[in-house]
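One-letter residues, chain by chain:
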Amino acid sequence: MASPFRSKNALCGLLILALLLSGAYIAPAGAQSSARPSPVEVVAPKPPTPVIIEGKRVLIYELHITNFGPSALTLTAIQVFASSGESLADYGGPALSELLHPVGDDSQMAMSGSPHATLASDSAKLEIGRRVIAFMYVPVALDLQISALRHRFLFDVADAARSKGTANDESALDGVMVPILHQNPLVLSPPFKDGVWLAGNGPSNTSVHRRSVIAINGRAFISQRFAIDWVMVGKNGNTFHDSRERNENFWAFGQPVLAVADGEITEVVDDIPDNVPGKLPVVTIQNITGNHIIVRIAPDTYVMFAHLKQGSIQVRLHQKVKRGAQIAQVGNSGNTTGAHLHFQLTDANSPLAAEGIPFVFNKFRFLGFGKDFEEDRHPDLPRSRTLPMDDSVVGFQ
Ligand SMILES: [Zn+2]
């Protein structure tokens, strides 16, 4: 499969400034060890739970860093330590820039000609009043027990006049603590009975799901932090056969969708027509997920199945479902151009006003990556209690 179908638009893309972050975890303003304190606020909206992604244990969370000071700053380092003191990561230079994304639309700001415009290439620059989000993706040893993370930030002070007469132009903030929520994520059954599936826009630190910050109900959320767009790969090594103008020609269309754990249905929408492939409807907050089901599977734990086929849903609101039971069929409704299943776990009963949380599948087979997948020649490796990483091709049985 040279070029698998990739959904680039399902539920994605908005980046809106949050005016308030009510209820978020606000890191205590720890000891400011430098002679020059940093006038910044650091907020971690959703502390992490360690998750294993294709054999590596990682901590995935964000730090919202806002400049409250009288002059511009440039972030030069983020250092991460375990609560035991062990150094876990030290980001600077290009590795730091890759983590950072200023809040707001960079391209529009750059075009506006404003002297305070923030260019995407200068993501570490924090003008007065600006916020940058650090998308953290910290690898940790498989057996390391951690109760919290400590962060240290280093900044260059850009305003030379203000720094005149001081020892240096560097400021620091140390002791920003972020707790670890749980030691292990929930273990789920596969959402499909069988078949070969591509984990499109899957777990990584750069996928459109991972970076989709959406401000809604007065707060910025990333409900899609660990979301996967499951696309079926057929015998021809592609995601459809014959003309791609018919939904029925996509291998995924009409495939059974299974409950991944015991639970109770908390939201059902089943009356949105499936799109003609390649043609998006007018997308609104009401139809963005298309036909969908949300299931409460544990306290503060909800799984959403989105873009389902119109009329295919076999469960009703408040119904109890068992792990492995068929609940719907894959479709092409909502913000999607080709049949796929958008799959995500969150901490609240909402497609968007919730925080994405990690999970693992009890078992699947890893068959390689979509970018160079060959139908007749690929690895076939059993996997247990892990998440497939972005672009993985996965076999369920
Ligand atoms: Zn999606």
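A few points on the structure. (Residues numbered from 1 in each chain as written. Predicted model: local features only at pLDDT ≥ 70, side-chain atom pairs only at ≥ 80, totals over all residues. Heavy atoms only, no water.)

For the rest of this paragraph, the subject is the overall build of the chain. Within the chain, the secondary structure is distributed over three helices and 26 strands. Across the 397 residues of the chain, 55% fall into the buried class. Of the contacts formed within the chain by residues at least 6 apart in sequence, a portion of 74% connects residues at least 24 apart. Counting only carbon and sulfur atoms, one obtains 54% of the accessible surface of the chain, whose full area is about 16700 Å². (Helix = DSSP H or I, 4+ residues; strand = E, 2+ residues; numbered from the N terminus. Buried < 20%, exposed > 50% of the residue type's maximum accessible area, 1.4 Å probe, protein only. Contact = heavy atoms within 4.5 Å. Areas by Shrake-Rupley, 256 points an atom, 1.4 Å probe, with all protein chains shown as cover.)

This part takes up the coordination of the zinc ion. On the protein side, the zinc ion has His209 (NE2), Asp229 (OD) and His342 (ND1) as donor atoms, found 2.1 to 2.2 Å from it. Taken in chain order, the donor set of the zinc ion reads H-x19-D-x112-H. Taken as a pair, His209 in the loop between β13 (195-200) and β14 (214-216) and Asp229 in strand β16 (residues 228-233) lie far apart in primary sequence, 20 residues in all. Residue His209 shares its accessibility class with Asp229, and that shared class is buried. (Donors = N, O, S within 2.8 Å, 3.2 Å for Na, K, Ca; no water.)

Turning our attention to the side chain of Gln79. In this fold, Gln79 is placed in strand β5 (residues 73-82). Taking relative accessible area as the criterion, Gln79 reaches 13% and is therefore assigned buried.

Assignment of secondary structure puts Ser97 in helix α1 (residues 93-99). For Ser97, a relative accessible area of 32% gives the class partly exposed. C-alpha of Ser97 to C-alpha of Ala124: the two residues are 27 residues apart in sequence and 6.2 Å apart in space.

Looking now at the nonpolar core. Counting residues in hydrophobic clusters, the biggest one holds 45 residues, and the most contacted among them are Leu188, Trp230, Ile293, Phe305, Leu341, Phe343 and Phe359. Sequence-distant contacts of Ile293, defined by excluding residues within four places in its chain, comprise Ile265, Glu267, Val303, Met304, Phe305, Leu308, Ile313, Val315, Ile327 and Ala328. Counting residues in each nonpolar core, the second largest holds 35 residues, with Ala44, Ala82, Ala89 and Leu149 among its members. (Core = buried A, V, L, I, M, F, W, Y, C linked by side-chain atoms within 4.5 Å.)

On to the pattern of salt bridges, then. Within this structure, the stated rule accounts for 13 salt bridges. Measuring nitrogen to oxygen at the nearest pair gives 3.4 Å for the salt bridge that ties Lys125 to Glu127. Two residues, Asp174 and Arg150, come together in a salt bridge whose shortest N-O distance is 3.1 Å. With Asp174 in strand β11 (residues 170-179) and Arg150 in strand β10 (residues 148-157), this residue pair connects regions lying 24 residues apart in the sequence. What makes Asp174 buried here is its relative accessible area of 12%. Overall, Arg150 belongs to the partly exposed group, its relative accessible area being 26%. (Salt bridge = Lys/Arg side-chain N within 4 Å of Asp/Glu carboxyl O.)

Below, the discussion takes up the pairing of strand β19 (residues 291-298). Both faces of the sheet carry side chains from a regular strand, because those side chains alternate between them. Of all eight residues making up β19, seven are buried, and the element is well covered by its neighbours. Of the pairings in the sheet, the one linking strand β18 (residues 263-269) to β19 comprises five bridges and is antiparallel in character. In the sheet register, Val269 faces β19, and the bridge partner there is His292. Pairing analysis gives six bridges linking β19 to strand β20 (residues 301-308), with the strands arranged antiparallel. From the neighbouring strand, Val295 faces β20, where its bridge partner is Val303. From the end of β19 to the start of β20, which pair antiparallel, there are two residues, and Asp300 there has a positive phi angle of about 55 degrees. (Pairing = 2+ DSSP bridges.)

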